[in-house]
Amino acid sequence: MPQAFDEQVTRCAAMLEQAQNVVLLSGAGMSTSAGIPDFRGPNGLYRTAGIADPERIFDLSEFSRNPTLFYRFHRAFLTLLDTVRPTFAHRFFAALEQKGILKGIVTQNIDGLHQRAGSSHVLEIHGGIETSTCVRCSRTYSREETTRKAFETDIPRCDFCGGVLKPDIVFFSEQVRHLEECVHLVKTSDLLFVVGSSLTVTPAALLPAYAGRDIVVVNRGSLSFDYLPKRRISLLVEEDIDAFFKAVDTRFSLVSENGT
Ligand code: CNA
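Residues numbered from 1 in each chain as written. Predicted model: local features only at pLDDT ≥ 70, side-chain atom pairs only at ≥ 80, totals over all residues. Heavy atoms only, no water.

1. Quick word on the environment of phenylalanine 193
Here is step 1: Looking at the element boundaries, phenylalanine 193 is found in strand S7 (residues 191–195).
Here is step 2: Judged by relative accessible area, which is 0%, phenylalanine 193 ranks as buried.
Here is step 3: Along the backbone, phenylalanine 193 and leucine 24 are 169 residues apart, and their C-alpha atoms lie at a distance of 4.7 Å. (Helix = DSSP H or I, 4+ residues; strand = E, 2+ residues; numbered from the N terminus. Buried < 20%, exposed > 50% of the residue type's maximum accessible area, 1.4 Å probe, protein only.)

Right, dumping it as structure tokens:
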């Protein structure tokens, strides 16, 4: 039987008080209240994109054949990023790092909101959009250069060889980033938060099984137990992420109203 909200808040606060090595694994649900849709949630991209088989957006062979679909999505994403701000939960975890309790964040997100909230130890396991690489000559381009090109032409290309620029996001079938460091971070945690992830994308979904001690999952909606058996979870909170961490923060007052 699900525990009442207040009881879950109390348990989470008690675990936080005991913990010395908190780690966060975050997913797209962390940013939905900022206005960035997730993939598999009720308003997620997979239901709303109007594209048959939307996984094609991040499919490497599709990108190699024709990057138009990806850049149509990416231009909209870049425009959206200019309008959004970190959520309460982003600021809560940034504050935990400042307090010295949180040792690092593994994020599957590519929106940079953890860093904008003030977190400094962020491992972007699925890469990010700060740089792009020419698929032909491997020259690196900044986010600013790629963005300018993406809005000037249909497909941004390398100034030197004309190759297509690909933002350094991990596409399906590509190697993830920082995997060893992510595993080490999770193994050394005494409290792992898994927040806003359906835990369907491997290898990120395999990480929680390495957790050193307690695991708190905060996720409302689709959640796979294929890689993280339910019995390994100390606390499963099926509530809105910001609402839950706001309630937890009433016990700590880490987050100020107008900033971290
Ligand atoms: P996902 O599979 O879309 O799962 C997100 C989960 O969060 C779902 O179970 C939702 O129901 C849940 N959720 C959404 N909003 C809330 C909320 N307010 N409160 C509680 N639960 C909520 O996303 P994953 O991260 O698991 O999948 C991995 C993909 C998604 C990664 O490769 C990401 O790069 C990719 N992605 C990232 C972003 C981003 O950077 N913000 C956006 C969309 C997709």
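What follows picks up the thread again.
2. Some points on the nonpolar core
Here is step 1: The biggest cluster of nonpolar side chains holds 32 residues, and the ones touching the most others in it are Phe92, Phe93, Phe193, Val195 and Phe245.
Here is step 2: Look past the residues within four positions of phenylalanine 93 in its chain and what remains in contact with it is Leu24, Met30, Leu102, Ile105, Ser119, Phe193, Val195 and Phe245. (Core = buried A, V, L, I, M, F, W, Y, C linked by side-chain atoms within 4.5 Å. Contact = heavy atoms within 4.5 Å.)

3. Some points on helix H8 (residues 179–187)
Here is step 1: Every buried residue of H8 is accounted for by Cys182, Val183, Leu185 and Val186. Buried positions in H8, seen along its axis, are confined to an arc of 165° and lie on one side of it. Opposite the packed face of H8, turned more than 90 degrees from it, sit the exposed residues Glu180 and His184. (Arc of directions from axis to C-beta.)

4. Some words on the site of the ligand
Here is step 1: Around the ligand, 28 residues are found, and the nearest of them are Arg40, Gln108, Asp111, Ser198 and Ser222.
Here is step 2: The separation between a nitrogen atom of the ligand and a polar side-chain atom of aspartate 111 is 2.7 Å.
Here is step 3: Here the ligand has 860 Å² of accessible area as a free molecule, and 93% of this is covered by the chains.
Here is step 4: In the shell around the ligand, the residues fall into 8 nonpolar, 14 polar and 6 charged. (Near = heavy atom within 4 Å. Polar contact = N/O pair within 3.5 Å; in protein donor to acceptor, adjacent residues only side chain to side chain. Areas by Shrake-Rupley, 256 points an atom, 1.4 Å probe, with all protein chains shown as cover. Nonpolar A, V, L, I, M, F, W, Y, C, P; charged D, E, K, R; others polar.)

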